[in-house]
Amino acid sequence: QVRLVESGGGFVQAGGSLRLSCAASGSFSDYAMAWFRRVPGKEREYVAAISWSGGAAYYADSVKGRFTMSRDNAKNMVYLQMNSLKPEDTAVYYCGASYTLATRHEDEYEYWGQGTRVTVSS
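The structure reproduced in this document is the subject of the present report.

What counts as what
Residues numbered from 1 in each chain as written. Predicted model: local features only at pLDDT ≥ 70, side-chain atom pairs only at ≥ 80, totals over all residues. Heavy atoms only, no water. Phe/Tyr/Trp six-rings, centres within 6.5 Å; stacked < 30°, edge-to-face > 60°. Helix = DSSP H or I, 4+ residues; strand = E, 2+ residues; numbered from the N terminus. Buried < 20%, exposed > 50% of the residue type's maximum accessible area, 1.4 Å probe, protein only. Lys NZ or Arg CZ within 6 Å of the ring centre and 35° of its normal. Disulfide = S-S within 2.5 Å.

A closer look at the packing of aromatic side chains
Consideration 1: This structure, assessed with the given rule, holds six aromatic pairs.
Consideration 2: Measuring from ring centre to ring centre gives 5.7 Å for Phe36 and Tyr46, while their planes differ by 70°; the resulting arrangement is edge-to-face. Here Tyr46 lies in strand S5 (residues 45-50) and Phe36 lies in strand S4 (residues 32-38), a separation of 10 residues in the sequence. No difference in accessibility class separates Phe36 from Tyr46, as the two residues are buried.
Consideration 3: Three or more aromatic residues joined by ring pairs make a cluster, and in this case those are Phe36, Tyr46, Tyr109 and Trp112.
Consideration 4: A cation sits over an aromatic face here: Arg44 above Tyr94, 4.9 Å from the ring centre.

Here it is in structure tokens:
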């Protein structure tokens, strides 16, 4: 079992940067990880995913070139560096853990954190 706790959210102006962190407990290195986000009234949206080794990372088209996902298996941590933030990036961001593979499909993720809120002002 894996427990996930996100942090690092906050309020930032458009064009600014934030770094989200996800602290994991359990057999963290066995899991692919992902970041999703949710805007009130909408479904959770895929943002990025990373393989269990960290050797491969994948991104939604909406964040490609602006966001970078990484992980440190020695520290049981996952990160999302968000640059050039836009108002449409405003959402609650969640990290998820998948025992199968790094995928954009929410149903593949067995564990979720409680989320951290990001607000980007124009």
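Considering the state of the cysteines
Consideration 1: Summed over all chains, the structure comprises one disulfide.
Consideration 2: Put simply, Cys22 and Cys95 are joined by a disulfide, and their sulfur atoms are 2.0 Å apart. Every disulfide takes its handedness from the sign of the S-S torsion; for Cys22 and Cys95 that torsion is 50°, giving right-handed. Note that Cys22 is positioned in strand S3 (residues 18-26) and Cys95 in strand S9 (residues 91-98), a separation of 73 residues in sequence. Cys95 carries the same exposure label as Cys22, and that label is buried.

Fair warning: the whole summary comes from geometry, so function is off the table for now.
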